[in-house]
Amino acid sequence: MKFKINIKIRYFPTFLALVLITALCTISFPVTANIVKTQHIASLQQGKQLYEAERFADSVNVLQQAVTNYRSQGDTLKQAVALSNLALAYKKLGNLNQAQTAITESVKLFDAKQNSIQNPQVLAAILDIQGSIQLDLGQAEAALKTWQRGEAIYKQVNNQSSIVSNRINQAQALQVLGFYRRSLTTLTALQTELKSQPDSIIKAVELRSLGDALQLAGDLKQSRQVLQQSLQIAQKLDSPQNVSAALFSLGNTARIEQDFPAAIKFYQQAAAATANPTTQVQAQINQFSLLVNQEQAETARTLLPQIQTQLDKLPASQSNIYARLHLVQSLLKLKTQPQMLAKISATAVEQAKKLADKRAESFALGTLGSVYEQTQQYANARKLTQQALAIAQTINAPDISYRWHWQLGRLLKKQGNIASAIASYDTAVDDLQTLRSDLVAVNRDVQYSFKESVEPVYRESVALLLESQKINKSEKTLDKARQRIESLQLAELDDYFRQACIDTQTVVLDKVVDEDNPTAAIIYPIILPEQLQVIVKIPNQPLRNYAVDKNQDEVETTLTQLRQYILEPDRADEVQQLSQQVYGWLIKDIESDLQNSKVNTLVFVLDGALRNIPMATLYDGEQYLVEKYAVSLSLGLQLLAPKPLAQQPLNVLAAGLVEPPEDFQKFPSLPEIKSEFNLIDKAGVATKQLLNNEFTSTTLEKNVNKTPFNVLHLATHGQFSSQPENTFILAADGAINVTQFDSLLRRRGEVRSQALEMLVLSACQTAAGDNRATLGLAGVSVKAGARSTLASLWHVNDKSTAILMGEFYQELANTKVTKAEALRRAQVKLLKYPNYKLPGFWAPYVLVGNWL
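Nothing here was measured: the structure is a model prediction, and the numbers come from that model. (Residues numbered from 1 in each chain as written. Predicted model: local features only at pLDDT ≥ 70, side-chain atom pairs only at ≥ 80, totals over all residues. Heavy atoms only, no water.)

Participant: Which parts of the structure should I look at to understand the overall build of the protein chain?
Facilitator: For the protein chain, the count of helices and strands is 36 helices and 13 strands. Long-range pairs, those at least 24 residues apart, make up 69% of the contacts in the protein chain with a sequence separation of at least 6. Summed over all atoms, the accessible surface of the protein chain reaches about 31600 Å², with 47% contributed by carbon and sulfur. (Helix = DSSP H or I, 4+ residues; strand = E, 2+ residues; numbered from the N terminus. Contact = heavy atoms within 4.5 Å. Areas by Shrake-Rupley, 256 points an atom, 1.4 Å probe, with all protein chains shown as cover.)

Right, here's the structure in full:
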């Protein structure tokens with residue numbers, strides 16, 4: 001199965017682990033073997049065999065009878081064991097409430113009858129299952145406590161192997177709870193412990209589980225190293241099953257790293273390393289999926305005959321049902337013959353019914369509906385989708401039902417029923433909101449894709465809402481569309497960090513501009529497939545919107561050119577031409593209203609490729625936008641009530657690094673950092689400085705926790721990319737990863753009451769053309785509870801940076817203006833310098849968050 005963390009999201013589960021794994025450890029009926037002799041528990045053994053054959057419904061029937069028999073006999077030990085295994089079978093069927101009831105009763109029997117004293121290892125194994133079910137239910141804190149209790153028992157009986165598996169589980173719970181550093185510390189310590197153990201099959205399995213956990217935590221380099229160790233041990237001990245499993249995991253890690261040739265090679269090797277036909281077809285389907293996603297259709301098609309032949313030979317099982325559905329999902333992208341797709345999906349439906357697997361049946365029916373949707377047989381598609389939806393709702397599986405609400409919305413739209421389509425999309429979005437913490441904890445590989453599985457739900461919903469505005473104009477509908485695009489931004493941020501980032505009370509921006517700062521307007525451009533929509537909030541006026549007749553490709557082509565030309569000194573005319581075009585899209589229609597309302601600050605909630613463009617560069621033919629307005633960016637929400645920085649004294653903790661560390665020599669030196677710090681001092685700002693060797697991850701953490709400050713200024717190279725593992729800032733002792741940095745700032749919030757008003761990153765850069773890169777830039781500040789971030793979108797001449805930063809602090813400290821206005825004044829002063837008049841020098845600095 002693909003998703004090894006215990007999260008109820010499965011979408012179309014595919015094949016990450018090639019052995020039975022739940023909760024990132026091998027819990028395949030862990031308790032039957034250690035209780036009494038096999039002949040006395042034939043029903044438990046039969047339940048185990050059915051479970052391992054993936055006949056989960058049959059396993060449930062046998063185990064229910066076993067529970068009844070042991071209860072009537074008064075044998076509480078065997079009853080507890082049967083209940084725990086029953087819970088595991090329920091879990092595989094997606095019946096989490098029944099699983100919870102069974103496992104709770106199992107634990108109570110142990111605690112009440114002193115079985116835990118006589119059979120501690122059995123209790124520990126049962127607790128492993130309970131923790132996995134709790135995590136599935138979103139109860140990460142309870143799961144952590146349960147696993148910690150289990151670990152204590154394993155320590156008492158000196159079961160080192162189970163301690164390793166248990167700690168890997170704990171690391172997953174810590175990650176879901178947001179304790180990334182503790183999670184990584186746990187995993188790193190386990191890596192060290194495993195190195196000292198003699199080679200064995202158990203060690204190979206534990207290393208593979210550890211590698212998969214590191215992959216989920218975003219430490220891909222360590223993941224690959226640990227998985228290679230698992231592979232070497234499996235090869236040394238001649239274990240084809242574990243060789244194939246390690247190769248499979250390596251393929252998934254390489255895929256996330258976007259090393260696609262390596263991923264394909266690993267999948268090929270995984271298929272070749274084992275004689276197990278299920279394993280072979282799983283590896284081939286993952287390879288096929290990757291080739292399709294890489295638009296290598298002809299190569300992918302060469303695999304198809306063998307995959308189909310193998311699938312037809314395999315017996316009905318949950319894994320084989322999902323293999324079929326995963327294949328269909330990839331074939332849909334190829335627009336393959338619908339008859340073949342319908343046949344594969346229909347077989348999956350029949351097998352799911354035969355196995356009484358309701359989750360699989362819902363997936364299969366919905367997928368068959370997708371096939372009919374593609375062939376424009378909307379009535380049949382709708383009927384199948386409604387059947388799939390009814391099953392998903394019956395088993396309380398919002399992770400499935402949101403897909404079918406979404407699919408139903410698409411079908412209703414195509415049938416012209418706009419009102420019902422909007423209602424279906426609304427329900428899909430509501431389901432996604434309830435799944436938020438689960439979505440972001442899912443391993444982002446093979447099948448799960450935010451861009452394919454989540455983002456379109458929001459975008460299509462917004463497009464539908466705005467389309468309905470043509471017939472019936474409503475401010476309520478506009479507000480709903482705006483809130484939905486804001487929810488998408490938040491979901492993207494969650495997905496970026498693989499954690500639900502924002503759970504505190506937020507302040508609506510409308511209230512800020514209507515009451516607290518009535519000279520600011522909010523602009524929400526939304527890039528839709530057929531047009532660019534702009535929603536505008538002007539102080540004390542109703543929301544309005546207007547459409548720009550430019551499709552997504554046209555908009556993104558213009559923005560890509562503009563971002564490229566800004567960095568080329570000989571393209572000044574093209575930059576102004578393109579900037580004027582974007583100005584026309586976003587500002588021209590409301591220019592007179594902004595002036596009449598005395599607006600002096602524009603707050604942009606940017607979407608997609610617009611995030612790569614500094615709005616300050618927009619050009620009206622005579623002036624840049626920054627010459628007329630202060631400019632700020634927002635994710636569309638505020639964590640903390642806005643509070644003007646001008647109302648409090650500035651206390652700056654400044655850390656700078658002139659020369660990059662030895663392993664990062666690709667970054668140039670920053671000799672003007674001392675000048676930058678001197679100019680901040682000259683502005684009269686209280687500053688504590690950590691320069692060069694004084695600036696390490698350890699000294700930064702120490703000072704963040706002990707030094708009183710409300711502004712953290714980092715003058716060092718930083719890199720933001722679409723992947724958190726490649727997003728970092730440099731200190732003298734190496735890179736500080738974005739998740740480590742986030743943990744560091746959040747710990748400060750736990751020990752100090754003074755809010756972090758502003759984070760300044762004066763020498764950072766985002767990957768050009770990467771729409772997700774700025775999520776890291778904005779997210780670090782927002783996630784850690786800082787009110788705002790000032791950062792650069794690309795690396796700039798560090799002398800001009802020093803001048804701009806000096807002017808910025810001068811304005812903040814001495815004129816008591818807002819942060820946005822202080823930045824505007826500093827940028828305008830810099831563009832007056834003959835050497836720095838081009839936007840490439842003054843434009844990249846953006847203020848994200850609270851602009852006051």
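That shown, we press on.
Participant: Is there a simple way to think about the pairing of strand 3 (residues 544–548) in this case?
Facilitator: On a regular strand, one side chain projects to one face of the sheet and the next to the other, so that they alternate. In this sheet, strand 3 lies alongside strand 2 (residues 532–537) in antiparallel orientation, the contact comprising 5 bridges. Paired with Val-536 across the strands is Arg-544, a residue of strand 3. Following strand 2, the chain reverses through 6 residues before pairing antiparallel with strand 3; Asn-540 in that reversal takes a positive phi of roughly 60°. (Pairing = 2+ DSSP bridges.)

Participant: Looking at this model, I keep getting lost on the side chain of Arg-255. Mind explaining?
Facilitator: Along the chain, the position of Arg-255 falls in helix 12 (residues 240–256). Polar contacts involving the side chain of Arg-255 include one to the main-chain carbonyl oxygen of Asn-286, which spans 3.4 Å. (Polar contact = N/O pair within 3.5 Å; in protein donor to acceptor, adjacent residues only side chain to side chain.)

Participant: In this structure, what is going on with helix 27 (residues 552–566)? I would like to understand it.
Facilitator: Side chains that are three or four residues apart share a direction in an α-helix, a result of its 3.6 residues per turn. Taking 1.5 Å per residue, 15 residues should reach 21 Å; helix 27 reaches 21 Å between its end C-alpha atoms and fits that length. Residues of helix 27 that are buried: Val-555, Thr-558, Leu-559, Leu-562, Arg-563, Tyr-565 and Ile-566. Tucked into the core, helix 27 has its buried residues touching strand 1 (520–527), strand 2, helix 28 (572–586), strand 11 (758–766) and helix 36 (839–842). Two or three places before Asp-553, at the opening of helix 27, Asn-551 has a side-chain oxygen 3.1 Å from that residue's backbone nitrogen. (Expected span 1.5 Å × (residues − 1). Buried < 20%, exposed > 50% of the residue type's maximum accessible area, 1.4 Å probe, protein only.)

Participant: How do you make sense of the pattern of salt bridges when you look at a structure like this?
Facilitator: Pairs may arise between side chains of opposite charge once their charged atoms sit close together. For the structure shown, the criterion picks out 36 salt bridges. One salt bridge connects Glu-568 with Arg-571, and the closest N-O pair in it is separated by 3.1 Å. Overall, the relative accessible area of 23% leaves Glu-568 in the partly exposed class. (Salt bridge = Lys/Arg side-chain N within 4 Å of Asp/Glu carboxyl O.)

Participant: Would you mind showing me how to read the packing of aromatic side chains here?
Facilitator: Both the distance between ring centres and the angle between the ring planes are used here to describe each pair of aromatic rings. Counted by the stated rule, this structure contains 10 aromatic pairs. Note on Tyr-619 and Tyr-624: the rings are 5.0 Å apart at their centroids and 50° apart in plane angle, and the pair reads as tilted. Here Tyr-619 falls in the buried class, since its relative accessible area comes to 10%. The class of Tyr-624 is buried, set by a relative accessible area of 10%. (Phe/Tyr/Trp six-rings, centres within 6.5 Å; stacked < 30°, edge-to-face > 60°.)

Participant: Looking at this model, I keep getting lost on the environment of Trp-404. Mind explaining?
Facilitator: Turning to its location among the elements, Trp-404 is positioned in helix 20 (residues 398–414). The class for Trp-404 is buried, based on a relative accessible area of 2%. A sequence separation of 21 residues divides Trp-404 from Tyr-425, and the C-alpha atoms of the two residues are 9.8 Å apart.

Participant: Can you help me understand the environment of Gln-580 in this one?
Facilitator: Relative to the helices and strands, Gln-580 resides in helix 28. Judged by its relative accessible area of 38%, Gln-580 is partly exposed. When the C-alpha atoms of Gln-580 and Tyr-619 are compared, they prove to be 4.6 Å apart, with 39 residues separating the residues in sequence. Excluding its chain neighbours within four sequence positions, the residues that come into contact with Gln-580 are Tyr-619, Asp-620 and Gly-621.

Participant: How should the packing of helix 16 (residues 318–334) against helix 17 (residues 338–355) be read in this particular structure?
Facilitator: Helix packing for two helices is described by the angle between their axes and how far apart those axes are. Closest axis-to-axis distance for the helix 16/helix 17 pair is 9 Å, and the angle between their directions is 155°. Judged by the angle between their axes, helix 16 and helix 17 are roughly antiparallel. Relative to helix 17, the crossing made by helix 16 is left-handed. Within the contact between the two elements, helix 16 uses Gln-318, Ile-321, Arg-324, Leu-325, Leu-327, Val-328, Leu-331 and Leu-332 and helix 17 uses Met-340, Leu-341, Ile-344, Ser-345, Thr-347, Ala-348, Gln-351, Ala-352 and Leu-355. Its residues assigned to classes, the contact of helix 16 with helix 17 comprises 12 nonpolar, 4 polar and 1 charged. (Axes fitted to C-alpha atoms, helices over the stretch in contact; angles between N-to-C directions. Parallel < 35°, antiparallel > 145°, perpendicular 65-115°, else oblique. Left-handed = near helix turned anticlockwise from the far one by under 90°. Nonpolar A, V, L, I, M, F, W, Y, C, P; charged D, E, K, R; others polar.)

Participant: Explanation requested: the nonpolar core in the structure shown.
Facilitator: As a rule of thumb, soluble globular proteins bury nonpolar side chains together. Core analysis: the biggest nonpolar cluster contains 183 residues, and Leu-586 and Phe-604 have the highest contact counts within it. When residues of this core are assigned to their parent elements, the largest contribution, 9 residues, is made by helix 16. Tyr-51, Ile-103, Val-122 and Ile-163 belong to the second-largest nonpolar core, a separate cluster that totals 37 residues. (Core = buried A, V, L, I, M, F, W, Y, C linked by side-chain atoms within 4.5 Å.)

Participant: What's the story with the packing of helix 19 (residues 378–394) against helix 20 in this structure? I'm lost.
Facilitator: Helix 20 packs onto helix 19 with a crossing angle of 155° between their chain directions and a minimal axis gap of 9 Å. If you check the angle between helix 19 and helix 20, you find them roughly antiparallel. Like other packed secondary-structure pairs, helix 19 and helix 20 cross with a definite hand, here left-handed. Counted together, Tyr-378, Ala-381, Arg-382, Thr-385, Gln-386, Ala-388, Leu-389, Ala-392 and Gln-393 of helix 19 and Ile-400, Ser-401, Trp-404, His-405, Gln-407, Leu-408, Leu-411, Leu-412 and Lys-414 of helix 20 form the full contact between these two elements. A breakdown of the residues in the contact of helix 19 with helix 20 according to their chemical character gives 10 nonpolar, 6 polar and 2 charged.

Participant: What exactly am I supposed to notice about the environment of Gln-723 here?
Facilitator: By secondary structure assignment, the location of Gln-723 is in the loop between strand 8 (711–720) and strand 9 (728–731). The spacing of Gln-723 and Tyr-496 is 227 residues in sequence and 7.0 Å in space, taken between C-alpha atoms. Here Gln-723 is in contact with Ile-256, Gln-258 and Tyr-496, once residues within four sequence places are set aside.

Participant: What exactly am I supposed to notice about the confidence of the model for the protein chain here?
Facilitator: Caution applies to low-pLDDT regions: their predicted coordinates should not be interpreted in detail. Taken over all residues, the pLDDT of the protein chain has a mean of 85, while the share at 70 or more is 88%. Counted against residues more than four places away or in other chains, residues 440–448, with its pLDDT under 50, gives 53 contacts. (pLDDT = per-residue confidence, 0-100.)

Participant: Explain helix 31 (residues 697–706) to me, please; I cannot follow it from the model alone.
Facilitator: Within the sequence span of helix 31, burial applies to Leu-700, Asn-703 and Val-704. Within helix 31, the buried residues cover an arc of 105° as seen down the axis, which keeps them to one side. Every exposed residue of helix 31 that faces more than 90 degrees away from the buried side is listed here: Thr-698, Lys-702 and Lys-706. (Arc of directions from axis to C-beta.)

Participant: For this particular structure, what's the right way to read the pairing of strand 13 (residues 845–849)?
Facilitator: Judged by how many residues are buried, strand 13 sits mostly within the fold: 5 of 5 residues are covered. The pairing of strand 12 (residues 788–792) with strand 13 spans 5 bridges and is classified as antiparallel. Within strand 13, the position partnered with Leu-790 by the bridge is Leu-847.

Participant: Explain unusual backbone geometry here, please?
Facilitator: For residues that are not glycine, phi is negative in most cases, and the peptide bond is trans in most cases. One non-glycine residue with positive phi stands out, namely Asn-158, at about 60°. Here Asn-158 lies in the loop between helix 7 (140–156) and helix 8 (160–176). Taking the relative accessible area as the measure of exposure, Asn-158 reaches 56% and is therefore exposed. In this model, Lys-598 sits at a positive phi of 60°, which is unusual for a non-glycine residue. Within the secondary structure layout, Lys-598 lies in the loop between helix 29 (591–596) and strand 4 (601–604).

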